[in-house]
Structure formats: structure tokens, C-alpha cells
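Here are the chains, one letter per residue:
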Amino acid sequence: MQLTPGLSFIAKLLSFYLLTFAVVYGLLRISHASNLHNLPSWAVIVLSTFAHPLFFLIHGYYSDYRESGKAAALGAIIVPIVEGKWPVSISNMTKLVESFTNGYPGDFMWEWMEKYGNTFQISLPFQRQVWTVEPDHIKAILATQFDSFEKGEQFIEQARSMLGTGVFNSDGDMWKFHRTITRPFFVRDRISDFEIFGTHADDALRQAKTRLAEGYPIDFQDLVSRFTLDSASQFLFGHNVHSLSGGLEYPEPSSKSNTPMSRNRPADSFTSAFLTGQSQLALRLSRGKTWPIAELFSDRIAPNRKVVDDFVRPLLERAIMKKREVKDKLDEKETANLLDYLVQQTEDPTILMDELVNLLVAGRDTTASLLTFAVYMMAEHPDMTQRLREEILSKVGPTNTPAYKDIREMKYLRAFLNEVLRLYPAVPFNGRRAKKDMVLHSNTPGVPPLYIPAHMTCSYSVFVMQRRADLWGPDALKFDPDRFIDERLSKYLTPNPFIFCPFNAGPRICLGQQFAYQEASFFLIRLLQQFSLFTLAQDAQPADSLPPKSWAGASGSKGTEKIRPQSHLTMYVKGGLWVRLQEAAMTEGV
């Protein structure tokens with residue numbers, strides 16, 4: 001029988017503790033028998049009992065002394081350590097968990113940055129972590145010193161229940177294998193085939209009109225999550241999972257909401273398990289090495305992954321059967337979808353299942369996040385909505401289907417999406433582990449070289465970095481797409497491109513970056529061809545999803561938010577984004 005994460009963790013701790021106890025107790029008894037000391041038996045037991053904690057304490061002080069010497073030898077300093085209430089590690093972990101579950105994204109970082117700078121380290125139980133929002137440090141982690149960093153054993157173990165050994169949860173040869181077999185399907189010819197986007201966008205918007213005609217607002221986050229799931233499943237599997245077919249959710253006060261029919265659709269069960277698994281994973285990551293203690297009697301992610309696997313497995317089996325019916329091996333140009341191509345490379349069900357789950361996270365959640373916050377910003381800035389519509393209508397008219405060339409020419413649309421990604425990046429937090437001792441340098445005046453010891457986890461936040469006024473100008477917290485068009489582009493971004501990394505960078509840059517841009521652009525074009533005004537329906541928003549009163553008056557966007565942004569692996573709006581839409585007159589723009 002396989003032990004739960006918590007019991008396995010406790011068993012390992014006990015094994016180390018008992019080993020230390022046995023060694024010290026044995027040595028003391030032997031030395032007593034040899035007349036080397038006259039300690040009474042109770043003293044021998046006490047010393048043996050506290051030997052492991054004492055060793056742990058002494059080892060910590062020695063490690064600090066040793067690392068200080070290494071840093072000095074390399075002309076660097078130790079990364080500033082966050083101080084706090086005793087016990088500091090428990091206090092810091094509690095703060096992280098609270099921030100991820102109930103706070104505003106990155107809150108804990110702003111507070112510590114003010115005191116310790118843009119790169120600092122925090123103590124957690126049994127480990128320390130470095131956190132940074134310094135673009136040169138992020139550049140080193142992702143690109144210039146890529147080979148010196150990895151996902152690392154701790155992250156891989158934390159995420160294994162959800163992501164297996166897929167491309168987002170592997171290092172070395174396994175990562176290279178996953179990257180190699182998926183790359184051919186993200187070339188321009190594949191991502192510029194808009195037929196899939198068109199079918200599902202039209203379905204989604206047709207359902208939106210139906211719900212609005214009933215007099216109800218719609219949860220736009222739910223709508224685009226279904227759209228991206230149907231699009232991603234058809235692109236990846238060649239099979240539409242029809243998550244849109246069950247209809248959209250009603251707001252909670254409605255008598256039509258939460259009916260059995262709305263809760264028992266296979267695609268909805270899959271989606272619920274998918275999101276719950278990611279939320280549990282985010283909690284694991286915030287708890288550091290001690291995450292298994294919170295899962296003492298069960299793996300809280302495993303049941304959700306089973307639901308996901310049960311949903312995907314028939315599609316996988318169908319693709320393998322199809323391959324066996326065709327004797328000749330096909331290349332990427334001869335296969336209709338990614339799954340058909342993947343089974344040409346391997347029939348290992350674990351590798352294939354893990355890869356598909358990883359790609360679904362990327363294909364569904366990231367674009368859904370981008371579209372959700374895009375509509376949120378259109379509701380907050382109707383003048384920008386009008387400007388987007390004017391560009392769209394001038395390029396493709398009120399009814400024509402956009403082509404790849406049309407989207408490429410829509411400069412304001414691209415700037416608008418970039419600004420959404422700047423303030424609300426789909427993946428706000430990420431991290432790597434150092435494989436060896438190294439030094440991180442920065443071109444920022446006053447930032448000294450910082451020493452990073454081997455095996456140190458280095459976490460970074462593009463959410464916070466992309467809001468820094470010293471990197472983006474005094475209006476950094478203002479939503480303004482023109483910063484990607486006017487003189488601010490050449491002043492801030494062009495000379496320092498790593499201040500904008502919504503899709504990561506370096507060898508692990510998101511393969512689906514252009515796919516996401518094309519899908520989001522296509523959907524917004526179809527949306528704005530048919531609707532001209534978006535307003536938030538805060539009366540339909542669940543009470544616990546509204547910004548808490550304590551946020552009022554806070555600096556930056558936290559003090560003005562109308563919704564509650566949160567994150568698991570990706571950014572989302574708690575409780576959904578409930579909006580009302582006004583249809584555009586068909587003669588408008590003709």
C-alpha cells in the first residue's frame with residue numbers, strides 16, 4: 001500500500017531522527033562502558049533525544065558561516081534575509097499561505113521589497129527560498145544561466161500528483177523529449193488555422209446572446225474557459241469535448257442555478273477537477289518542504305487527477321488504435337492533431353497522459369486568463385473598447401472572419417493584450433532551483449552581486465516586476481495600452497526587454513505564446529464585432545468574491561479593483577467575472 005504524502009514525510013523525518021538517536025545513544029553507551037564518562041542513564045537518553053535538533057541547529061549556523069565565506073570569495077554578498085516574529089519560518093509560511101489564499105497577488109513581496117530590496121530570501125521550515133523581481137536576475141535564471149537552474153526535485157515532487165512528468169514538471173532529458181515532440185505543432189501554419197477558433201467562438205457568443213436575452217448577466221470567465229477548453233481539446237486531441245454544449249452558468253440568486261443538469265456534465269466534472277487540482281498545488285507550493293503535513297491522510301490532488309485522466313484516457317486509447325490501423329509512421333505534416341502525432345513518437349500511456357494534461361493547462365487556462373482580464377479591462381475602460389472596435393471594424397468589418405494578416409496589422413489590439421498581460425500575467429509566480437553555487441548580477445545601480453548557493457530555490461514574480469515604477473515609469477500601475485506603442489516603448493521596454501516576461505523566456509519560453517495571442521485576438525475580434533459595451537454585474541458576483549473592505553484606499557490597483565484576482569498555477573477571478581454586454585448595431589462601422 002502506498003503511503004500518503006504526509007505519512008511518507010513523517011516516516012522520513014522519523015527515520016533520520018531515530019538514526020541520529022541510535023548512533024548517539026550507542027556511542028554514549030560504548031564510551032560509558034569504556035569509562036570515558038559517568039553520565040547517568042537519564043542524561044544519556046536526554047542527550048540522544050535532543051541530538052538531532054542540536055545537530056540541525058549547529059548545521060544551520062555552520063552552513064551560514066560557510067556560505068558567507070563562499071560569497072566573499074566570489075565578490076558577492078548573501079541575499080538579505082527577511083526577519084520576523086519567532087519562529088520566523090512558521091511566521092513566513094503562514095504569511096505566504098494567507099497571501100495565496102486570501103490576499104492580493106504579490107502583497108507579501110511589496111512589503112518585504114520595501115525593507116530588503118528587490119531580491120531577498122525567506123526562511124521556511126527546513127529550507128530558505130530566494131524571491132526576486134529584478135529583471136537581470138530573472139534573465140539569468142531563465143536565459144543567460146539557464147543550464148545552472150532546474151525545476152528541481154522539490155517542485156517536481158510537489159507537482160507530480162497533478163502534472164506527472166510532463167513538460168512543465170521535468171528536467172534534463174525528459175524535458176527535452178517533451179519539448180521536442182510538441183514543438184512541431186506550434187509552427188505558424190498550425191496556429192494560424194482559425195477554423196477551430198471560429199467554430200467555438202461563434203458557439204460561445206451565440207450562447208452569450210441567449211443568456212443575455214433571458215435577462216441574466218454571464219460569467220465571462222466561465223464562457224472563455226469553455227471556449228478555450230473546446231478549442232484546445234480539438235487542437236490537441238482532434239476531439240471537441242463540448243464543454244459549451246451544456247449551456248452557461250446562471251448567477252447564484254437565480255432559481256435556475258445549480259440544477260443537477262448543470263453539475264453532472266462530464267466536461268464540467270473535468271473542469272472542476274482540473275481547477276481544484278491546481279488550487280491544491282498552489283497551496284503545496286506555498287507551504288514549501290512541509291506541504292505533506294497538510295495531506296497527512298490523503299493525497300488531495302490525486303482524486304482530481306484521476307477525474308482528468310478518466311476524461312482524457314478514451315481519447316488517448318482511440319489515437320493509439322488509430323495509429324495501429326495505419327502501418328506507416330506519419331510525420332507532423334501528415335497528422336491532423338497533436339495527439340495523433342504524439343502517439344507516433346511513443347505509446348507509453350503515462351508519458352502521453354502527463355503531456356496532454358500539461359498542455360491542457362497551457363492551452364486552456366492561460367488564454368482563458370488573458371481573455372477574462374481583457375474583458376474586465378474593457379468594462380473598466382469603455383473608451384478603449386470603442387478604440388478597439390474602431391480598429392477591428394476598419395480592418396475586417398462587422399461580420400468578416402479575420403485572417404492571420406488582419407490580426408498582425410491590428411497594432412492597438414496587440415498593445416491592449418500586452419497591457420493586460422503586463423498587469424495581469426497568466427502565470428504570476430514561478431521558480432527554479434540552483435544546480436550549483438553561483439552569483440547573480442544586476443545592472444541596477446546600488447544592487448551588489450548576490451551569492452546563490454547550490455540547491456537554493458529561486459522564485460520570481462513577473463506580476464510584481466511588471467508593476468515596478470522604476471522599470472515602467474511613474475504610471476506603471478495605470479492600465480494604458482499606448483505604452484506599447486508610444487515613446488515609452490523605446491524608453492523602457494526596448495533597452496530592457498526582460499522587464500516583460502508574461503510567457504517566460506529562454507529555452508523554456510512558452511511554445512504556445514503565438515497560439516495564445518492568435519486565439520485571444522481572434523476571440524476578441526469576434527466579440528467586438530457583435531458587442532459594443534461591457535459592464536460589470538457586481539450584483540451577480542458572489543459576496544465572498546468581492547474585494548474586501550480592507551483593500552479600499554490601498555495603493556495601486558489593489559485599492560481600485562472591482563473583482564478579486566487570485567492565482568493557482570494561473571491567474572483567475574475568484575467567483576467568476578460576471579458582466580452584462582450590449583449588442584452592437586449591425587450598421588455600425590459599415
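Residues numbered from 1 in each chain as written. Predicted model: local features only at pLDDT ≥ 70, side-chain atom pairs only at ≥ 80, totals over all residues. Heavy atoms only, no water.

J.: Honestly, the sheet that holds strand β4 (residues 149-150) in this entry has me stumped. Any pointers?
T.: By way of backbone hydrogen bonds, the strands of a sheet pair with one another, either parallel or antiparallel. One open sheet accounts for 5 strands, arranged β2-β3-β9-β6-β4; its pairing is mixed. The open sheet has two edge strands with one neighbour each: β2 (119-124) and β4. Where helix α5 (residues 107-116) meets the sheet, it contacts β2, β3 (127-132), β6 (429-434) and β9 (457-461), and its direction lies at approximately 115 degrees from that of β2. (Pairing = 2+ DSSP bridges. Helix = DSSP H or I, 4+ residues; strand = E, 2+ residues; numbered from the N terminus. Contact = heavy atoms within 4.5 Å. Axes fitted to C-alpha atoms, helices over the stretch in contact; angles between N-to-C directions.)

J.: Looking at this structure, how should I read the packing of aromatic side chains?
T.: Centre-to-centre distance and the angle between the planes together describe a pair of aromatic rings. Enumeration over the complete set of coordinates arrives at 30 aromatic pairs. With a centroid separation of 6.1 Å and an interplanar angle of 65 degrees, the aromatic rings of Tyr104 and Phe463 are classed as edge-to-face. Of this pair, Tyr104 sits in the loop between α4 (88-102) and α5 while Phe463 is found in helix α20 (residues 462-465), placing the two residues 359 residues apart along the sequence. A relative accessible area of 4% means that Tyr104 is categorised as buried. Since its relative accessible area comes to 1%, Phe463 is described here as buried. Their ring planes at 75 degrees and their centres at 5.8 Å tell us that Phe108 and Trp112 sit as a pair that is edge-to-face. In this pair, Phe108 and Trp112 are both assigned in helix α5, 4 residues apart and thus about one turn of the helix distant. Given a relative accessible area of 6%, Trp112 falls into the buried group. Here the aromatic cluster, defined as three or more aromatic residues joined through ring pairs, consists of Phe100, Phe108, Trp112, Phe120, Trp131 and Phe429. A cation sits over an aromatic face here: Arg467 above Tyr424, 5.4 Å from the ring centre. (Phe/Tyr/Trp six-rings, centres within 6.5 Å; stacked < 30°, edge-to-face > 60°. Buried < 20%, exposed > 50% of the residue type's maximum accessible area, 1.4 Å probe, protein only. Lys NZ or Arg CZ within 6 Å of the ring centre and 35° of its normal.)

J.: Can you help me understand the side chain of His178 in this one?
T.: Position of His178 among the secondary structure elements: in helix α8 (residues 172-182). Polar side-chain contacts of His178 include one of 2.8 Å to the backbone oxygen of Thr165. Contact partners of His178, with chain neighbours within four places excluded, come to Thr165, Gly166, Val167, Ser170, Ile351 and Glu355. (Polar contact = N/O pair within 3.5 Å; in protein donor to acceptor, adjacent residues only side chain to side chain.)

J.: Help me out: how do you make sense of the sheet that holds strand β8 (residues 450-452) in this one?
T.: Spatial ordering of the open sheet is given by β1-β8-β7, a layout of 3 strands whose pairing is mixed. Edge positions in the sheet fall to β1 (77-78) and β7 (438-440), since each of these pairs with one other strand and no more. When β1 meets β8, the two strands line up parallel, connected through 2 bridges. Following the sheet pairing, Ile77 is matched in β8 by Leu450.

J.: Could you clarify how one ought to interpret the pattern of salt bridges in this entry?
T.: Two side chains of opposite charge can pair, provided their charged atoms sit close to one another. Under the definition given, this model contains 37 salt bridges. The partner of Arg526 in a salt bridge is Asp202, and the shortest N-O contact between them spans 3.4 Å. Taken together, the positions of Arg526 in helix α23 (residues 513-530) and Asp202 in helix α10 (residues 195-213) put the pair 324 residues apart, joining distant regions of the chain. Given the relative accessible area of 10%, Arg526 is considered buried. (Salt bridge = Lys/Arg side-chain N within 4 Å of Asp/Glu carboxyl O.)

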